[in-house]
Amino acid sequence: MNTIRRSHLGHFKLMYEFSRSNGPATLESAPVEVEQSDSIVASIPSRSIRGTEAKGDASIRVVIPAYRSSKLLRNCIRAVTQSVVSTSFEIVLIDDGENGDLSDLQFLFPNVSLLQCDPSGSAAVARNRGCAGFQGDVLVFVDVDVEVEADAIEKLTSVILAGHADASVGNYSSESKQLKFTQQYKQLYLARVYSRSAGPIRNHFWTALGAVSTETFFGIGSFNKAFPGAAGEDTEFGQRLTAAGHAIVAVPSACGQHLKPYSIQTLVKNDFKKGASMVKHFFGREGVKLTDSRHSSRTDIVAVFLAGVLVLCLAVGVFPSPLRASLLLGSGILSLVYLFTRRDLLAFFAKPGLAFLLRSVALMFLLDLVRVICVVNGLGRMALRVRN
């Protein structure tokens with residue numbers, strides 16, 4: 001077994017040893033001291049090029065699935081074509097239906113390949129279609145509502161091309177001044193959640209902005225087509241990566257802007273849909289656990305629990321009873337504890353100003369209640385299955 005020492009990557013430090021044999025990569029638990037090194041940059045050609053036509057000889061393929069995204073996809077593609085990458089790359093857009101007339105793409109982006117996909121309602125199917133037949137080194141996934149920064153793809157792929165990881169995931173930018181409130185809230189929330197961890201992670205992959213070696217992707221069987229829509233298929237893929245012994249690293253500095261147009265109603269609907277899916281798999285299938293999600297750290301779970309208890313105390317406390325004063329006092333204490341558990345998010349929300357912070361606290365609490373509903377709904381469904 002050959003042990004390869006990790007090097008300092010510039011934008012984050014890897015504090016572990018990577019052991020490779022003829023089988024999958026494995027991680028040693030004991031951290032080791034790492035050295036400053038430019039080996040990753042040195043191992044990649046220094047030339048910078050734009051996206052090239054998909055002819056099968058590129059080292060990197062960027063896969064962008066599009067469904068009902070006619071207003072977003074051009075900005076997404078434009079940002080990818082302007083990426084500065086140290087090796088050849090191609091861009092494949094998968095038309096998964098209801099994107100309107102895309103004939104102008106031939107003229108706007110002549111080096112982008114457009115693939116038609118029978119409308120499936122599954123992001124997994126569309127992404128697998130975009131990956132099919134590729135024989136290069138790395139597959140990069142970008143959601144159509146993400147506008148990548150110029151160096152994001154380079155940061156994601158360099159660690160894989162250098163043999164330091166089998167997969168990598170990026171982040172949303174913390175700079176979101178041009179977005180509407182709900183978009184800005186969502187982007188800052190996820191930017192903070194994903195910036196909590198840099199370097200090795202487990203059981204997680206992120207298709208909004210992520211990369212994986214081609215050999216690894218096809219070796220573990222691509223995305224699971226059983227997942228409808230876009231909810232859970234990337235988490236399940238990440239779990240298979242970890243189960244197979246592959247190394248996944250988080251690169252929080254590989255960023256993009258999240259341009260999906262949210263209203264409070266659609267934000268609530270989106271979080272309920274994804275939360276219900278995660279809870280469903282947690283209670284209904286083996287292998288997917290809430291604590292495996294980067295959205296569900298112990299602190300996050302405690303915050304959701306506190307939000308549920310707080311609402312319960314307030315609901316009971318509004319009625320006259322000998323315990324009313326105690327319940328209201330307890331609610332005040334719970335509110336402070338809740339805010340304390342969310343302090344890292346509050347620090348992010350404070351950057352745009354006090355007005356944004358106050359609105360964000362209210363929305364954050366509302367969405368934590370949505371997560372409470374998801375858990376209660378999952379418990380209820382499990383109880384019915386056991387009963388029947």
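Residues numbered from 1 in each chain as written. Predicted model: local features only at pLDDT ≥ 70, side-chain atom pairs only at ≥ 80, totals over all residues. Heavy atoms only, no water.

Caption draft 1: Highlighting the nonpolar core. Among the nonpolar cores identified, the biggest contains 91 residues, and Val 62, Ile 64 and Phe 349 are the most heavily contacted of them. Filtering out sequence-adjacent residues up to four positions away, Val 62 remains in contact with Val 80, Phe 89, Glu 90, Ile 91, Val 92, Val 140, Val 142 and Ile 153. (Core = buried A, V, L, I, M, F, W, Y, C linked by side-chain atoms within 4.5 Å. Buried < 20%, exposed > 50% of the residue type's maximum accessible area, 1.4 Å probe, protein only. Contact = heavy atoms within 4.5 Å.)

Caption draft 2: The arrangement of the packing of aromatic side chains in detail. As enumerated under the stated definition, the model contains 16 aromatic pairs in all. With a centroid separation of 5.2 Å and an interplanar angle of 70°, the aromatic rings of Phe 141 and Phe 223 are classed as edge-to-face. Remark: Phe 223 occurs in the loop between helix H7 (214-219) and helix H8 (233-243) and Phe 141 occurs in strand S7 (residues 138-142); sequence separation between them is 82 residues. Summarising the aromatic geometry, the rings of Tyr 185 and Tyr 189 are spaced 6.1 Å apart at their centres and angled 20° between planes, so their arrangement reads as stacked. Taken together, the residues Tyr 185 and Tyr 189, both in helix H6 (residues 181-195) and four residues apart, mark about one turn of the helix. Classification of Tyr 185 by relative accessible area gives buried; the value is 1%. (Phe/Tyr/Trp six-rings, centres within 6.5 Å; stacked < 30°, edge-to-face > 60°. Helix = DSSP H or I, 4+ residues; strand = E, 2+ residues; numbered from the N terminus.)

Caption draft 3: How the structure looks around the pattern of salt bridges. Applying the stated rule across the entire model yields 13 salt bridges. As a salt-bridge pair, Arg 61 and Glu 90 come within 2.6 Å of each other at their nearest N and O atoms. One end of the pair, Arg 61, is in strand S4 (residues 60-66); the other, Glu 90, is in strand S5 (residues 89-95), with 29 residues separating them in the sequence. Residue classification places Glu 90 among the buried positions, given a relative accessible area of 0%. Lys 186 is paired through a salt bridge with Asp 271; the nearest N and O atoms lie 3.0 Å apart. Here Asp 271 lies in helix H9 (residues 264-284) and Lys 186 lies in helix H6, a separation of 85 residues in the sequence. In terms of burial, Lys 186 and Asp 271 fall into one category: buried. Overlapping salt bridges, with partners in common, bring together Lys 186, Arg 192, Arg 196, Asp 271, Asp 300, Arg 342, Asp 344, Asp 368 and Arg 371 in one network. (Salt bridge = Lys/Arg side-chain N within 4 Å of Asp/Glu carboxyl O.)

Caption draft 4: Fine view of helix H11 (residues 324-341). Helix length check: H11 (18 residues) gives 25 Å between terminal C-alpha atoms against 26 Å at 1.5 Å per residue, within 8%. Those residues of H11 not exposed but buried are Leu 327, Ser 331, Leu 334, Tyr 338 and Thr 341. The buried residues of H11 occupy one face: seen down the axis, they fall within an arc of 85°. Structural note: H11 exposes Ala 325, Leu 329, Leu 336 and Phe 340 on the side pointing more than 90 degrees away from its buried face. For H11, the elements touching its buried residues are helix H10 (298-317), helix H12 (343-349) and helix H13 (354-387). (Expected span 1.5 Å × (residues − 1). Arc of directions from axis to C-beta.)

Caption draft 5: Examining the pairing of S4 more closely. Taken across its seven residues, S4 has seven buried, putting it largely inside the fold. Burial along S4 is two-sided: the face carrying Ile 60, Val 62, Ile 64 and Ala 66 and the face carrying Arg 61, Val 63 and Pro 65 are both buried. Here seven bridges tie S4 to S5, and the two strands are oriented parallel to one another. Opposite Arg 61, over in S5, you have Glu 90 as the bridge partner. Between the parallel elements S4 and S5, the chain passes through helix H2 (residues 73-81) in a crossover that is right-handed. (Pairing = 2+ DSSP bridges. Right-handed = clockwise from strand over helix to strand, strands pointing away.)

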